[in-house]
Each structure stands twice: as structure tokens, then as C-alpha cells.
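Examination of the molecular architecture
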Amino acid sequence: RGMAHVELNRGRITLLEGQWEVTQAHFQKSLSIFKTLNDVKGLDRTLMYLGYLTYQRSDFAGARNYFEHVKNYRENTPHLQKDALGRLFNALGVIDFYEEKWENSLEHFQQSLELLQTSTDLESLALVHHNLGKLYLIFKELKRSKTHIFQRDSLLHQYHFPALKKISDFNKPALILDE
């Protein structure tokens, strides 16, 4: 199990460095070890990172595949926090957004918002508000868009999330990784 975590952490580091092929290799080694050990939590995290990596490469169908695997684990693992499921639904909503599946994106973002509404993960909550604000602009529902952008900005100003301040001016949705 230790080697699986080492490979996962190596992958996380190389992901930050933009070494995608090396990252993929580390994540695949981690996944293989976690599969052998039947470690559901390890599989879950590794698949989420593989989905994120694939998303970064603009392979949205591949990212969706990884995220759907994660969804199966998370929906069948009651001890996992609802925060993790909320972040996953946000990720699926982002993929839907880029594939221009607007209604699916809205459904996933709303599921994420519902799960994160009472969460202590306020950074992910701010991110979902950001994404809903961007989506409602596409629907030309300016009042709803402004409401979500205002809620995002309120959380940003109150809690100072540096990662989110970088994306707050962009017109595209974003996702955040599990820690």
C-alpha cells in the first residue's frame, strides 16, 4: 500500500510540473497496486487524478470515463464524505460544459451544490457557484448568473482562496481535485 501512495504522490508532483506522460505512468502504477490490494479508497483517489489529468489534456470523453468510475465507487461507498461526491459531480458538470451538454452540466452542478451547501469545503462550494454563474450566462439567465457569481465572490473575499482568485475572471468552468 505504501508504494501505491508513493506513486500517487509522485504523480501529483509531476502533474504540477506539467509532465503529463510521467504523471500518467505514476498514476497507472498506483492504480495497479490499489487494484491488487482491492483498496477502494486508493482506487477512488487515483481514478479521480487520472480523470483530472485526462481533462487537462482536453480528452473529455476519457475524463468522463474516469469520473464515471469514481462515481460508481463513491455512490457505493457510504462512508465517503458527501464533499467528495460533491466535487465529483462538479467535475462531471465541467466535462458536460466543455461538451456543450448544457442540461447535463446544470444537473451535475446542482447536485454538487446540494451536496456542498452544508459542507465545510467552502472552496469547492465557491467553485460550484463560479461554474453555475458561467453556465447561466450561456442560458442568458443573467439574474441567476449574477446571484451565483456574487455568492462565489462573497466566499472568495471572506475566505481568501488563492486558487479560485486565479479563475474568477475566466469565462469557463473549473474543477478542483480531492486532497
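Keep in mind that this is a model prediction, so the values were computed, not measured.

Thresholds applied
Residues numbered from 1 in each chain as written. Predicted model: local features only at pLDDT ≥ 70, side-chain atom pairs only at ≥ 80, totals over all residues. Heavy atoms only, no water. Helix = DSSP H or I, 4+ residues; strand = E, 2+ residues; numbered from the N terminus. Expected span 1.5 Å × (residues − 1). Core = buried A, V, L, I, M, F, W, Y, C linked by side-chain atoms within 4.5 Å. Buried < 20%, exposed > 50% of the residue type's maximum accessible area, 1.4 Å probe, protein only. Arc of directions from axis to C-beta. Contact = heavy atoms within 4.5 Å. Phe/Tyr/Trp six-rings, centres within 6.5 Å; stacked < 30°, edge-to-face > 60°. pLDDT = per-residue confidence, 0-100. Axes fitted to C-alpha atoms, helices over the stretch in contact; angles between N-to-C directions. Parallel < 35°, antiparallel > 145°, perpendicular 65-115°, else oblique. Left-handed = near helix turned anticlockwise from the far one by under 90°. Nonpolar A, V, L, I, M, F, W, Y, C, P; charged D, E, K, R; others polar. Polar contact = N/O pair within 3.5 Å; in protein donor to acceptor, adjacent residues only side chain to side chain.

**As for helix α7 (residues 122-138)**
Between its terminal C-alpha atoms α7 stretches 25 Å, which fits the 24 Å expected from 17 residues at 1.5 Å a residue. One or two positions beyond α7, positive phi appears at Lys140, with a value near 60°.

**A word on the nonpolar core**
Within the largest apolar cluster, 39 residues are counted, with the highest numbers of intra-cluster contacts made by Phe27, Met48, Tyr55, Phe67, Leu88, Ile95 and Leu132. When residues of this core are traced back to their parent elements, those giving at least two are α1 (2-16), α2 (20-37), α3 (40-56), α4 (60-75), α5 (82-98), α6 (102-116) and α7.

**Examining α1**
If you check α1, its first and last C-alpha atoms are 21 Å apart, about what 15 residues at 1.5 Å a residue would give, namely 21 Å. All buried positions along α1 are accounted for by Ala4, Glu7, Leu8, Gly11, Thr14 and Leu15. The arc enclosing the buried residues of α1, seen along the axis, measures out at 130°, which places them on a common side. Where α1 is buried, its residues touch α2 and α3. Just downstream of α1, Gly18 is the residue with a positive phi angle, here 80°.

**So, the packing of aromatic side chains**
Under the definition given, this model contains eight aromatic pairs. Consider the rings of Phe27 and Tyr49, whose centres lie 5.5 Å apart with planes at 40°: the pair is tilted. Here the residue Phe27 occupies a position in helix α2, and Tyr49 occupies one in helix α3, the gap between them amounting to 22 residues. A relative accessible area of 0% places Phe27 in the buried class. You can call Tyr49 buried: its relative accessible area is 3%. An angle of 10° between the planes, with centres 5.0 Å apart, marks the rings of Phe60 and Tyr98 as stacked.

**Structural notes on the environment of Gln110**
By the secondary structure assignment, Gln110 is in helix α6. Classification of Gln110 by relative accessible area gives partly exposed; the value is 37%. Each C-alpha atom, one on Gln110 and one on Leu132, is 8.1 Å from the other, the two residues being 22 residues apart in sequence.

**Topic: the confidence of the model for the protein**
Confidence in the prediction of the protein, expressed as mean pLDDT, is 88, and 88% of residues score 70 or more. Confidence scores differ between elements of the protein, with helix α9 (residues 162-167) showing the lowest mean pLDDT of 60 and α6 the highest of 97.

**Section: the packing of α2 against α3**
Between α2 and α3, the least distance of the axes is 9 Å, while the angle of their chain directions is 160°. By the angle between their directions, the pair α2 and α3 is classed as roughly antiparallel. Handedness of the crossing formed by α2 with α3: left-handed. Residues Trp20, Thr23, Gln24, Phe27, Gln28, Ser30, Leu31, Phe34 and Lys35 of α2 form the contact with α3, whose participating residues are Gly42, Leu43, Thr46, Leu47, Tyr49, Leu50, Leu53 and Gln56. When its residues are assigned to classes, the contact of α2 with α3 shows nine nonpolar, seven polar and one charged.

**Overview of the side chain of Arg87**
Looking at where Arg87 falls in the secondary structure, it is placed in helix α5. Here Arg87 falls in the buried class, since its relative accessible area comes to 12%. A distance of 2.5 Å separates a polar atom in the side chain of Arg87 from a polar atom in the side chain of Asp121.

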